[in-house]
Amino acid sequence: MALERTLSIVKPDGVQKNLIGEVYRRFEQAGLKIVAARMMHLSLAQAEGFYAVHRERPFFKDLTKYMSSGPVIVQVLEGENAVAKNRELMGATDPKKADKGTIRGDLAASIEENVAHGSDSAENAKIEIAYFFAAADICPRTR
């Protein structure tokens with residue numbers, strides 16, 4: 001198994017509903033280590049930059065408006081197969097399709113307010129992590 005890093009975001013709905021600790025508990029119980037974390041309120045320009053890959057999609061405007069609507073927690077997770085493990089923990093994007101026991105299946109209200117974002121590949125994780133964190137901001141906990 002490969003030691004990886006992935007980016008995770010607790011979205012505005014998760015922060016507003018005080019779900020940060022619950023989300024972190026799930027990461028830690030699954031063996032993921034939080035090696036960098038920051039609370040921030042994304043500007044619309046920051047949200048548009050982060051989600052630029054979706055610029056031509058019909059949901060882009062609503063997504064970026066939502067992601068800039070309140071504070072988020074961005075974190076880097078480290079662990080064995082961290083990308084896949086985090087995706088499994090989150091569950092399907094649409095909470096109606098997410099399995100019970102997943103973050104979205106248990107905690108999310110809608111496809112937009114789905115509590116968490118996670119990188120979809122190791123390659124994108126590197127890009128997404130660099131969007132929010134300098135290498136010096138990351139404190140590795142496992143080797």
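If you're wondering where the values come from, they're calculated on a predicted model, not measured in any experiment.

Let us now look at the side chain of aspartate 13. Residue placement: aspartate 13 occurs in helix α1 (residues 12-16). At 2.2 Å, the side chain of aspartate 13 forms a polar contact with the side chain of tyrosine 66.

In terms of residue burial, strand β1 (residues 3-10) counts as a mostly covered element, since six of its eight residues are buried. As paired strands, β1 and strand β3 (residues 72-80) are joined by eight bridges and run antiparallel to one another. Among the inter-strand pairings, threonine 6 is bridged to a residue of β3, identified as leucine 77. Sheet analysis places β1 next to strand β4 (residues 116-118), joined by three bridges and oriented antiparallel. Bridged to valine 10 within β4 is alanine 116.

A few words on the UniProt feature "active site" (unreviewed entry) in the protein chain. When the UniProt feature table is mapped to this numbering, "active site" (unreviewed entry) covers His117. Within the fold, histidine 117 resides in strand β4. Residues within four places of histidine 117 in sequence aside, it is in contact with Leu7, Ser8, Ile9, Lys11, Phe50, Tyr51, Asn86, Met90, Arg104 and Glu128.

This next bit is on the pattern of salt bridges. Tallied over the entire structure, the rule returns five salt bridges. Where arginine 26 meets glutamate 22, a salt bridge forms, and the shortest distance between an N and an O atom there is 2.7 Å. With arginine 26 and glutamate 22 both in helix α2 (residues 20-29), this residue pair falls four residues apart, about one helical turn. Judged by relative accessible area, which is 23%, glutamate 22 ranks as partly exposed. Taken together, the shared-partner salt bridges in this structure form one network comprising Glu22, Arg25, Arg26 and Asp106.

Below, the discussion takes up the UniProt feature "domain: Nucleoside diphosphate kinase-like" (unreviewed entry) in the protein chain. In this structure's numbering, the residues bearing the UniProt feature "domain: Nucleoside diphosphate kinase-like" (unreviewed entry) are residues 3-140. Structurally, residues 3-140 is divided into 40% helix and 20% strand, and its ends, taken at the C-alpha atoms, are 11 Å apart.

Next up on the list: the sheet that holds strand β2 (residues 33-40). Strand order in the open sheet formed by four strands is β2-β3-β1-β4, and the pairing between neighbours is antiparallel. Each edge of the open sheet carries a strand with a single partner, namely β2 and β4. Strand after strand, the sheet turns through a mean of 20° between neighbouring axes, direction not considered. On top of the sheet, helix α5 (residues 82-90) reaches β1, β3 and β4; it is set at about 35° to β1, its chief contact.

With that settled, the discussion passes to the nonpolar core. Judged by nonpolar contacts, the single largest core of 20 residues is most densely connected at Ile9, Met67, Phe132 and Phe133. Elements with a contribution of two residues or more to this core: β1, β2, α3 (44-50), α4 (60-67), β3 and α7 (122-132). In terms of residue count, the dominant contributor to this core is α4 (four residues). Dropping the residues within four chain positions of it, phenylalanine 132 is found in contact with Leu7, Ile9, Arg38, Met40, Leu42, Phe50 and Val74. Residues Val15, Leu19, Tyr24 and Ala108 belong to the second largest nonpolar core, which totals 18 residues.

Turning our eyes to something else, we now look at unusual backbone geometry. The phi dihedral of asparagine 18 falls on the positive side, at around 60°, and the residue is not glycine. Its place among the elements puts asparagine 18 in the loop between α1 and α2. The class for asparagine 18 is exposed, based on a relative accessible area of 68%. The backbone of valine 115 shows a phi angle near 70°, a positive value even though the residue is not glycine. Tracing the backbone through its elements, the reader meets valine 115 in the loop between α6 (103-107) and β4.

How each quantity is defined
- Residues numbered from 1 in each chain as written.
- Predicted model: local features only at pLDDT ≥ 70, side-chain atom pairs only at ≥ 80, totals over all residues.
- Heavy atoms only, no water.
- Helix = DSSP H or I, 4+ residues; strand = E, 2+ residues; numbered from the N terminus.
- Polar contact = N/O pair within 3.5 Å; in protein donor to acceptor, adjacent residues only side chain to side chain.
- Buried < 20%, exposed > 50% of the residue type's maximum accessible area, 1.4 Å probe, protein only.
- Pairing = 2+ DSSP bridges.
- UniProt positions renumbered as here; feature names shortened; annotations may be inferred.
- Contact = heavy atoms within 4.5 Å.
- Salt bridge = Lys/Arg side-chain N within 4 Å of Asp/Glu carboxyl O.
- Axes fitted to C-alpha atoms, helices over the stretch in contact; angles between N-to-C directions.
- Core = buried A, V, L, I, M, F, W, Y, C linked by side-chain atoms within 4.5 Å.

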